[in-house]
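# Structural overview
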Amino acid sequence: MQLVYVFDAYCGWSHGFSGTVRETVSRHRELPVEVVSGGLFTGERRVPVSAFGYVQGANDQIAELTGAEFGAGYQRLLADGSFVMDSEAAARGVAALRRIAPDRVVELATALQRAFYVDGRSLSDPATYRRLAEASGLDADAVVAAFEAPEARAAAEADFRRAAALGVTGFPTLLAVDGERVTALARGHATADEIDQRLAALRA
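Residues numbered from 1 in each chain as written. Predicted model: local features only at pLDDT ≥ 70, side-chain atom pairs only at ≥ 80, totals over all residues. Heavy atoms only, no water.

With that out of the way, let us pick up the overall build of the chain. Within the chain, the secondary structure is distributed over nine helices and four strands. Helices (α) and strands (β) of the chain occur, in sequence order from the N terminus, as β-α-β-α-α-α-α-α-α-α-β-β-α. The C-alpha atoms of the chain give a radius of gyration of 16 Å, which matches the 17 Å a tight globule of 204 residues would have. Burial analysis of the chain (204 residues in total) assigns 50% to the buried set. Within the chain, counting contacts between residues at least 6 apart in sequence, those at least 24 apart form 75% of the total. Approximately 9400 Å² of the chain is accessible, and the part contributed by carbon and sulfur atoms is 49%. The centroid of the 21 positive side-chain charges in the chain is displaced by 1 Å from the centroid of its 27 negative side-chain charges. (Helix = DSSP H or I, 4+ residues; strand = E, 2+ residues; numbered from the N terminus. Rg over C-alpha atoms; globule rule 2.2 N^0.38 Å. Buried < 20%, exposed > 50% of the residue type's maximum accessible area, 1.4 Å probe, protein only. Contact = heavy atoms within 4.5 Å. Areas by Shrake-Rupley, 256 points an atom, 1.4 Å probe, with all protein chains shown as cover. Lys, Arg positive; Asp, Glu negative; His and termini not counted. Charge placed at Lys NZ, Arg CZ, Asp CG, Glu CD.)

Here we have four strands laid out as an open sheet, ordered S2-S1-S3-S4, and mixed in their pairing. This sheet does not close on itself; its edge strands, each paired only once, are strand S2 (33-37) and strand S4 (181-187). In this sheet, adjacent strand axes meet at a mean angle of 25 degrees when their direction is disregarded. In terms of strand pairing, strand S1 (residues 2-7) meets strand S3 (residues 173-178) through five bridges, oriented antiparallel. The residue bridging Tyr5 from the neighbouring strand is Leu174, located in S3. The strands that helix H1 (residues 12-27) touches are S1, S2, S3 and S4; relative to S1, the one it contacts most, it runs at about 165 degrees. (Pairing = 2+ DSSP bridges. Axes fitted to C-alpha atoms, helices over the stretch in contact; angles between N-to-C directions.)

What the rule picks out here adds up to 13 salt bridges. Residue Asp193 is joined to Arg27 by a salt bridge in which the shortest nitrogen-to-oxygen separation is 2.8 Å. Remark: Arg27 occurs in helix H1 and Asp193 occurs in helix H9 (residues 192-203); sequence separation between them is 166 residues. The class for Arg27 is partly exposed, based on a relative accessible area of 34%. Residues Asp196 and Arg27 are paired through a salt bridge, measuring 2.7 Å at the closest nitrogen-oxygen approach. Of this pair, Asp196 sits in helix H9 while Arg27 is found in helix H1, placing the two residues 169 residues apart along the sequence. Several salt bridges converge on common partners, so that one network encompasses Glu23, Arg27, Asp193 and Asp196. (Salt bridge = Lys/Arg side-chain N within 4 Å of Asp/Glu carboxyl O.)

This part takes up the packing of H1 against helix H2 (residues 55-66). At a minimum axis separation of 9 Å, H1 and H2 run at an interaxial angle of 10 degrees. With respect to H2, the element H1 is oriented roughly parallel. In this structure, H1 meets H2 at a crossing whose hand is right-handed. Taking contact as the criterion, the partners of Gly12, Trp13 and Gly16 in H1 are, on H2, Gln61, Ile62, Leu65 and Thr66. Of the residues in the contact of H1 with H2, the class split is three nonpolar, four polar and no charged. (Parallel < 35°, antiparallel > 145°, perpendicular 65-115°, else oblique. Left-handed = near helix turned anticlockwise from the far one by under 90°. Nonpolar A, V, L, I, M, F, W, Y, C, P; charged D, E, K, R; others polar.)

This brings us to the side chain of Thr128. Position of Thr128 among the secondary structure elements: in helix H6 (residues 126-135). Relative accessible area serves as the criterion here: at 5%, Thr128 is assigned to the buried category. Leaving out residues up to four positions away in the same chain, Thr128 has contacts with Ala115, Arg121, Ser122 and Leu123.

Glancing now at the pairing of S3. Each regular strand carries side chains that alternate between the two faces of the sheet. The element S3 is largely enclosed, with a buried count of five among its six residues. Note that S3 and S4 share six bridges and pair antiparallel. What sits directly across from Leu174, in S4, is Ala186. Counting the residues in the hairpin turn of S3 and S4 gives two residues, including Gly179, whose phi is positive at 65 degrees.

In this section: H1. If you check H1, its first and last C-alpha atoms are 24 Å apart, about what 16 residues at 1.5 Å a residue would give, namely 22 Å. The sharpest bend along H1 reaches about 45 degrees and sits at Ser18. Considered for burial, the residues of H1 that qualify are Gly12, Ser14, His15, Gly16, Phe17, Ser18, Thr20, Val21, Thr24 and Val25. (Expected span 1.5 Å × (residues − 1). Bend = angle between axes of the 7 residues up to and from the residue.)

Written as structure tokens, this is what we have:
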């Protein structure tokens, strides 16, 4: 069995789920973990954030339910309204981090969300990955090179196909995959204790 975490770095609910997924992975070190980018803002959905009028209300709900932080840098982006969330670029970033530090991918994916939702940094900007790499003790040049490499684009597209093949239509989704059996452990929100109960039921 393995855990498959399907999220989008530009998804507020995924940001709210960060603490739960980190705690779950910490509790279940015996389970391999795959992190897959879902592709929330691609194609015609790549428009200025001001086009999504529900964002602030959703963020308030996420913060109340999960305790997630939405920082001043991010609030400035919302107030300006011109920022465009590009999930393909974010997925390239996740792919780059996964390539450089595969055993730390959950930690780094959630750190990437903090870079956006707390600090207001663009996930299309190589400087964001340089800063994250330096803060995480990684080779910053290697991370930026991986982000800019053609292989990262191919990996992002492969992630989107993987998410679709798993039947994931919303983010975040945490799955338990055991051969051909795919079981949803969480969709949108759950506590680590709730996920533990569902895992225990699967193993019973």
